[in-house]
Structures are given as structure tokens and as C-alpha cells.
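Remarks on the overall topology
Take a look at the letters that make up each chain.
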Amino acid sequence: MKRVITYGTFDLLHWGHVHLLERAAALGDELIVGLSTDEFNAIKHKEAYHSYEHRKYILEAIRYVDKVIPETDWDQKIKDVQNYDIDIFVMGDDWKGQFDFLKPYCEVVYLPRTNGISTTQIKEDLK
Ligand code: C2G
């Protein structure tokens, strides 16, 4: 049983997010998503349109996602990798190198971001 984990806000879920989740899920048998809470988003200087509960509800409907857990701070990842027996940590490559401290605990994979879409762009375009 190969377990994969990834983290993010996943607000206004779009095809770039789904493409990340699809590729992450393909690396193992189970995908866990650490979903940023509204409070953690404030620490990330991000404000999501949807609440944590609604973003979680949407993510849980995605066929590639097996479990959603809260992401409440920057330094929970090592604990999560150990507690959930994670084999592979995945993030989009806009984070390349930022999570290499996890390498002693699991495989670290940065996947190419999907160009042409972002939550910020959606918000801009709708203005
Ligand atoms: N992503 C992508 N392509 C896009 C947009 C996003 O591949 N066009 C990926 C990001 O690289 C990230 C994931 O989708 O791996 C979630 O993106 P965000 O919700 O923007 O996540 P972020 O705010 O970067 O939070 O501890 C890690 C942080 O919680 C990551």
C-alpha cells in the first residue's frame, strides 16, 4: 500500500488542481490531501472564497482523493508523513526545493504546474 500526500488551499477547484491530484494519485494507491484551514490560509496571506468545510466537501468528491486532513501550520508535515505512513510527498513545482527537508522521511516529488489556470486568474477574470 503506497500512500501519497499533498497539501494546498484548493479554492475554486479548477482543472489545474485536478490535474495535480490525478498525477499525485497515480504515484501510489492512496492519496491524502492536507487542506489548508481558513486560519492557516490567513498565515499564508491567502483568503479562500470557499470555507474549509466547503473546500473539503468538494475535494472529497474528487475520485483521486481518498482522505482530506486539515493543514493548520507549516510544521506538521513530518508528523503527518510519520502518522499516516506516507511514502511519497507531492507538490506543484512552484514549491520546488521548499520541502526537501522531508527527504529523510519519504520520497519528495515536485510536479510541473498546469499553465493557463489559477484561482487568482479566475478571480481577476470575473472582476
Ligand atoms: N497547482 C498546479 N497548477 C495550477 C495551480 C495549482 O499544479 N495551475 C498545484 C499547486 O502547485 C499545489 C496545488 O495545486 O501543489 C494546490 O495549489 P494551491 O491551493 O494554490 O496551494 P498553495 O496555496 O500553494 O498551498 O503547505 C503547502 C501549502 O499549503 C500549498
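Each chain carries its own residue numbering, running from 1 in the written order of its sequence. Restriction of local features to residues with pLDDT of at least 70 applies here, the model being predicted, together with a cutoff of 80 or more for giving and counting side-chain atom pairs; totals for whole chains, interfaces and linings are based on all residues. Each side-chain value is worked out from all heavy atoms of the structure, with water and hydrogens disregarded.

Brief notes about the site of the ligand
Here a residue counts as near a molecule or strand whenever at least one of its heavy atoms sits within 4 Å of it. Around the ligand sit 22 residues in total, of which Lys 46, Glu 71, Lys 77, Asp 94 and Thr 114 are the nearest. Within the side chain of Glu 71, one N or O atom sits 2.5 Å away from an oxygen atom of the ligand. At 2.8 Å from a nitrogen atom of the ligand is found a main-chain nitrogen or oxygen belonging to Thr 114. Note that accessible areas follow from Shrake-Rupley with a 1.4 Å probe, and for residues the cover is restricted to the protein chains shown. In the complex, 95% of the free accessible area of the ligand, which totals 640 Å², lies under the protein chains. A helix here means a DSSP run of H or I that spans at least four residues, while a strand means a run of E at least two residues long, and both kinds are numbered starting from the N terminus. For the shell around the ligand, the secondary structure elements donating two or more residues are strand S1 (3–8), helix H1 (15–25) and strand S4 (88–92). We call two N or O atoms a polar contact when they sit within 3.5 Å, provided that within protein one can donate a hydrogen and the other can accept it, with sequence-adjacent residues counted only if both atoms are side-chain atoms.

Notes on the sheet that holds strand S5 (residues 107–111)
In space, the five strands of this open sheet follow the order S3-S2-S1-S4-S5, with parallel pairing throughout. A single partner strand is all that each edge strand has here, and the edge strands are strand S3 (67–71) and S5. Taken pair by pair, the neighbouring strands of this sheet meet at an average axis angle of 25°, ignoring direction. The criterion for strand pairing is that DSSP finds at least two bridges linking the strands in question. Across six bridges, S1 lies against strand S2 (residues 30–36) in parallel orientation. By the bridge assignment for S2, Tyr 7 is matched with Gly 34. Every residue pair with non-hydrogen atoms within 4.5 Å of one another is taken to be in contact. Throughout, an axis means a line fitted to C-alpha atoms (over the contacting stretch in the case of helices), and angles, computed between N-to-C directions, take values from 0 to 180 degrees. Sheet strands in contact with H1 are S1, S2, S4 and S5, and its direction is about 140° off that of S2.

Here's the deal with the nonpolar core
Formed by 18 residues in total, the largest nonpolar core has its most connected members in Leu 21, Leu 31, Val 33, Leu 59, Val 65 and Val 90. Those elements giving two or more residues to this core turn out to be H1, S2, helix H3 (52–59), S4 and S5. Sort the elements by how many residues they give to this core and H1 lands first, with four residues. We call a set of buried Ala, Val, Leu, Ile, Met, Phe, Trp, Tyr and Cys residues a nonpolar core when their side-chain atoms join them within 4.5 Å. Exposure classes here rest on a 1.4 Å probe applied to the protein chains alone. A residue is buried below 20% of its type maximum, exposed above 50%, and partly exposed in between. Counting residues in hydrophobic clusters, the runner-up holds 13 residues, among them Ile 5, Ile 86, Met 91 and Leu 102.

That's the geometry; what it means functionally is another story.
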